[in-house]
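Per-entry structural report
The residues making up each chain are set out below.
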Amino acid sequence: MSQGVDDIAAGLVSVAKSFHARGWLLGTSGNLSAVVQRQPLQIAMSPSGVDKGELRTDQLLSIDENARILGQQGGKPSDESLLHIRIVKERGAGAVLHTHSIWNTILSDIYARDGGLRIEGYEMLKGLQGVRTHEHAEWLPIVENSQDMPALAETVGETLNKHPTAHGFLLRRHGLYSWGENLAQAKRHIEIFEFLLETIGRTLRIREHAIRENATWL
Ligand SMILES: [Zn+2]
């Protein structure tokens, strides 16, 4: 492998361990990818069924734009590789990250009937690329989950086109996708969204308790 690929693999492993430690990639869930080259497209992708807390650089797979493994590597690419490829193509992303946290799973269900979640007024929004003020309103679309990956990739593509400024989306009762121009930016976006989703989820719970208690600060 060239130095560039080694660096990309080391970066993906580092992010995987960091996210796993925070409970966002438990039970082999979630997946990570980064673009190695664009013409023809080559993506470094986490394999299916591997504990992300124990991920090694030699387990990462190189796949093409059809999610086929390049070279003689063993292992199976993640089932969700087609979603990563679609995001790379639609957004020109350099890295795509997907987490299964408790809070993103809960909120992806609570707000599903609205088709998305509006996040507004939080300072942490400024961590999303291009956002300069806490007054920004971020629409986080929610897509119905499916095991039919080609069909789900189509739906994701349509959602990205419909919401060209979105920095991520949720799959219902499943998880969060976000991306960036590079791995560092994609990691930052996931951290921002996970922070905001947990904040919103905890606020809902506190507010519900306060309503029961007739709190005066409501
Ligand atoms: Zn998933």
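Now for a look at the structure at hand. For every chain, the first residue of the written sequence is number 1, and numbering continues from 1 along that sequence. pLDDT decides what is reported in this predicted model: residues at 70 or higher carry local features, side-chain atom pairs at 80 or more are listed and counted, and totals for whole chains, interfaces and linings draw on all residues regardless. Side-chain calculation: all heavy atoms of the structure are included, whereas hydrogens and water are not.

In plain words, nonpolar cores are sets of buried Ala, Val, Leu, Ile, Met, Phe, Trp, Tyr and Cys residues tied together by side-chain atoms within 4.5 Å. Exposed residues in this analysis have more than 50% of their type's maximum accessible area, buried residues have under 20%, and partly exposed residues fall in between, with area computed by a 1.4 Å probe over protein chains only. In this structure, Leu12, Phe19, Leu32, Leu97, Leu117, Ile119 and Leu140 are the most contacted members of the largest nonpolar core, which totals 37 residues. The helix count covers DSSP runs of H or I at least four residues long, the strand count covers runs of E at least two residues long, and both are numbered beginning at the N terminus. At 8 residues, the largest contribution of residues to this core is made by helix 5 (residues 183–212). Those residues in contact with Leu117 that sit more than four places away from it in its chain are Leu107, Tyr111, Glu138, Trp139, Leu140 and Leu197. With 22 residues, the next largest nonpolar core counts Val35, Met45, Ala67 and Ala153 among its residues. Contacts were defined at the residue level, with two residues in contact if any of their heavy atoms lie within 4.5 Å.

What follows is about the coordination of the zinc ion. Donor atoms from the polypeptide that coordinate the zinc ion comprise Glu80 (OE), His98 (NE2), His100 (NE2) and His174 (NE2), at 2.1 to 2.3 Å from the metal. Only nitrogen, oxygen and sulfur atoms qualify as donors, provided they sit within 2.8 Å of the metal or within 3.2 Å for Na, K and Ca; with water excluded from the atoms, sites may seem incomplete. In this scheme the shape depends on donor count and angles: four donors with every angle between 85 and 135 degrees give tetrahedral, four or six donors with opposite pairs above 155 degrees and others between 65 and 115 give square planar or octahedral in turn, and any other case is irregular. Every donor counted, the 4 donor atoms about the zinc ion form angles of 89 to 152 degrees at the centre, which fits irregular coordination. In terms of primary sequence, the donors binding the zinc ion are separated according to E-x17-H-x1-H-x73-H. Linking His100 in the loop between strand 4 (95–99) and helix 3 (102–110) with His174 in the loop between strand 7 (168–171) and strand 8 (175–180), this pair joins segments that are 74 residues apart in sequence. A relative accessible area of 24% means that His100 is categorised as partly exposed. Residue His174 is classed as buried on the basis of its relative accessible area of 10%.

For the rest of this paragraph, the subject is the environment of Val36. Locating Val36 in the fold gives a position in strand 1 (residues 31–38). Once the C-alpha coordinates of Val36 and Val5 are considered, the two residues, 31 residues apart in sequence, prove to be 6.5 Å apart. Apart from residues no more than four positions distant in its own chain, Val36 is found in contact with Val5, Ile8, Gln42, Ile43 and Ala44.

Below, the discussion takes up the packing of aromatic side chains. Only Phe, Tyr and Trp rings are paired, with Trp represented by its six-membered ring, and only when their centres lie within 6.5 Å; those with planes under 30 degrees apart are stacked, over 60 edge-to-face, the remainder tilted. Under the defined criterion, the tally for this structure stands at 3 aromatic pairs. Between Phe169 and Trp179 the ring centres are 6.1 Å apart and the planes differ by 40 degrees, which places this aromatic pair in the tilted class. In this pair, Phe169 is assigned in strand 7 and Trp179 in strand 8, connecting sequence segments 10 residues apart. Each member of the pair Phe169 and Trp179 is classed as buried. Joined through ring pairs, the aromatic side chains of Phe169, Tyr177 and Trp179 make up one cluster.

Another aspect to go through is the packing of helix 3 against helix 5. Note on definitions: angles span 0 to 180 degrees between N-to-C directions of axes, and those axes are lines fitted to C-alpha atoms, for helices only across the stretch in contact. Where helix 3 contacts helix 5, the two axes come as close as 9 Å, and the packing angle between them is 65 degrees. Judged by the sense of rotation from one axis to the other, the crossing of helix 3 with helix 5 is left-handed. In this structure, helix 3 contributes Trp103, Asn104, Leu107 and Ile110 to the contact, and helix 5 contributes Glu194, Leu197, Glu198, Ile200, Gly201, Arg202, Leu204 and Arg205. Crossing chirality is assigned from the near helix's rotation relative to the far helix, an anticlockwise turn below a right angle marking it left-handed and a clockwise turn marking it right-handed.

Checked against the element boundaries, Asp64 lands in the loop between strand 3 (61–63) and helix 2 (81–91). From its side chain, Asp64 meets the backbone nitrogen of Asn66 in a polar contact 2.8 Å long. Among all residues touching Asp64, those that are not within four sequence positions of it are Leu41, Leu70 and Ile85. Any N or O atom pair separated by 3.5 Å or less is treated as a polar contact, with the protein-specific requirement of one donor-capable and one acceptor-capable atom, and with residues adjacent in sequence counted only for side-chain atom pairs.

Further remarks concern the pairing of strand 4. Among the 5 residues of strand 4, 5 are classified as buried, and the element is accordingly described as predominantly covered. If DSSP finds at least two bridges between two strands, the strands pair. As paired strands, strand 1 and strand 4 are joined by 4 bridges and run antiparallel to one another. What sits directly across from Ala34, in strand 4, is Ala95. Direction of pairing for strand 4 relative to strand 8: antiparallel, over a ladder of 5 bridges. The partner of Leu97 across the bridge, within strand 8, is Ser178.

Here we take up the pattern of salt bridges. A carboxyl oxygen of Asp or Glu within 4 Å of a side-chain nitrogen of Lys or Arg is what we treat as a salt bridge. The tally for this structure, following the rule as stated, stands at 15 salt bridges. Across the salt bridge formed by Glu90 and Arg86, the nearest N and O atoms sit 3.2 Å from each other. You can see Glu90 and its partner Arg86 sitting in helix 2, 4 residues apart, about one turn around the helix. Glu198 is the partner of Arg202 in a salt bridge, and the nearest nitrogen-oxygen pair spans 2.8 Å. Within this pair, Arg202 and its partner Glu198 are both found in helix 5, separated by 4 residues, close to a single helical turn. Accessibility expressed as a relative area gives 41% for Arg202, which makes it partly exposed. Relative accessible area serves as the criterion here: at 28%, Glu198 is assigned to the partly exposed category.

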